[in-house]
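Here is how the chains run, residue by residue.
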Amino acid sequence: MSKPILVVGSLNMDLVVSVPRHPRPGETLLGGAFHTFPGGKGANQSVAAARLGAPVRMIGRVGTDKFGDTLLATLQADGVDTRFVQQDAQAASGVALITVSADGQNTIVVAAGANGRLSTADVQAAEDAFADAVVVVLQLEIPLPAVEAAARLGRKHGAAVVLNPAPAQPLSAELLALADYLVPNQSELELLSGEPDLERGIRALLERGLRNLVVTLGERGARWVSAAGSVEVPAFAVRAVDTVAAGDAFVGAFAAALAEGRPVQDALLRGNAAGALAVTRAGAQPSLPARVELDDFLRERGIKI
Ligand code: RIB
């Protein structure tokens, strides 16, 4: 039985074009099909955890426009509590311009819109949302002061704070110290540590006092490193058609597993499985697996759930 998860983060409408390859600067390229999908790292991670059975609530901001209405409606359809997502008449909803190439790789440019107006005061005014949350999940598509306020409130209320430092940017020592789990991918780890080498980057972050580092390694899987040791859980081999939101699938499933009281190694395994399933399908939220799919995927591979 899962306890509540709170996600504080972004909601975007994803405007996606498939391309034969990614364009070079100054180049106009003829793309293929165009789709809109609900996205945003915060909303994706909310949906990822909710589809796996966790009670999820979200703090965020969208515009009073059509995209905002749709983003709220799709979260609600997945059972996410949106009482703490405000509709802001002063800004448009966030959008992400995405290209997906034939090999499933993507480029993403985000116009933050209303996400960029989520303030420390908004987060503090929603303190009730923290009260019984056992996991607080954060990313970096909202202003850093709001992320820091949420991390502080998460710690104050005794939740495990999971910080996904995406998109990557330098972070204060204070924010790193507030995170119970920092979950970067390799390029985010490189930016945060200043070390291109994975092992040196991990060591550098641990030396800065991080308690738990979970590095997602793409096709290699994920590694959990803490002062007590290190565990690497290999990825599942699948044919990728669209890697958008694979990291969000991992983070949402990781958080859902923690909220069920599962050990970290199990959380990594379930994160890898959710990420693998997500890359086999197009779109951000449409690609995120349901509980039954994830459990079947693991069972089919002889893994006890
Ligand atoms: O992580 C994928 C997400 O990044 C997309 O859904 C897009 O909205 C951007 O936030």
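To be clear, the structure that these remarks concern was listed above.
As the structure is a computational prediction, the values presented were derived from the model and not from experiment. (Residues numbered from 1 in each chain as written. Predicted model: local features only at pLDDT ≥ 70, side-chain atom pairs only at ≥ 80, totals over all residues. Heavy atoms only, no water.)

Draft legend 1. Structural view of the site of the ligand. Taken together, 13 residues surround the ligand, and among them Asp-14, Gly-40, Lys-41, Glu-141 and Asp-248 come closest. In this structure, an oxygen atom belonging to the ligand sits 2.7 Å away from a side-chain N or O atom of Glu-141. The cavity where the ligand resides is the largest pocket. Secondary-structure elements contributing two or more residues to the shell around the ligand are β2 (12-19), α1 (41-51) and β7 (106-111). For the shell around the ligand, a count of residues per class yields 5 nonpolar, 4 polar and 4 charged. (Near = heavy atom within 4 Å. Polar contact = N/O pair within 3.5 Å; in protein donor to acceptor, adjacent residues only side chain to side chain. 1 Å grid on protein atoms, 1.4 Å probe; cavity = no way out; pocket = protein on both sides within 12 Å on 5 of 7 lines; lining within 4 Å. Sits in = over half its atoms within 2 Å of the grid points. Helix = DSSP H or I, 4+ residues; strand = E, 2+ residues; numbered from the N terminus. Nonpolar A, V, L, I, M, F, W, Y, C, P; charged D, E, K, R; others polar.)

Draft legend 2. Region of the structure containing the layout of surface pockets. There is about 1200 Å³ of room inside the largest pocket. If you trace the largest pocket, you find 46 residues lining it, with Asn-185, Thr-243, Ala-245, Ala-246 and Gly-247 closest to the centre. Those elements giving two or more residues to the lining of the largest pocket turn out to be β2, α1, β6 (94-101), β7, α6 (186-193), α8 (246-259) and α9 (264-279). Its residues assigned to classes, the lining of the largest pocket comprises 22 nonpolar, 17 polar and 7 charged. (Points joined across faces, edges and corners; volume = space filled by probe spheres on them.)

Draft legend 3. How the structure looks around unusual backbone geometry. Ala-166 connects to Pro-167 through a cis peptide bond whose omega is -5°. With respect to the helices and strands, Pro-167 occurs in the loop between β9 (160-163) and α5 (173-178). With phi around 75°, Ala-245 is a residue other than glycine that occupies positive phi space. By the secondary structure assignment, Ala-245 is in the loop between β13 (229-233) and α8.

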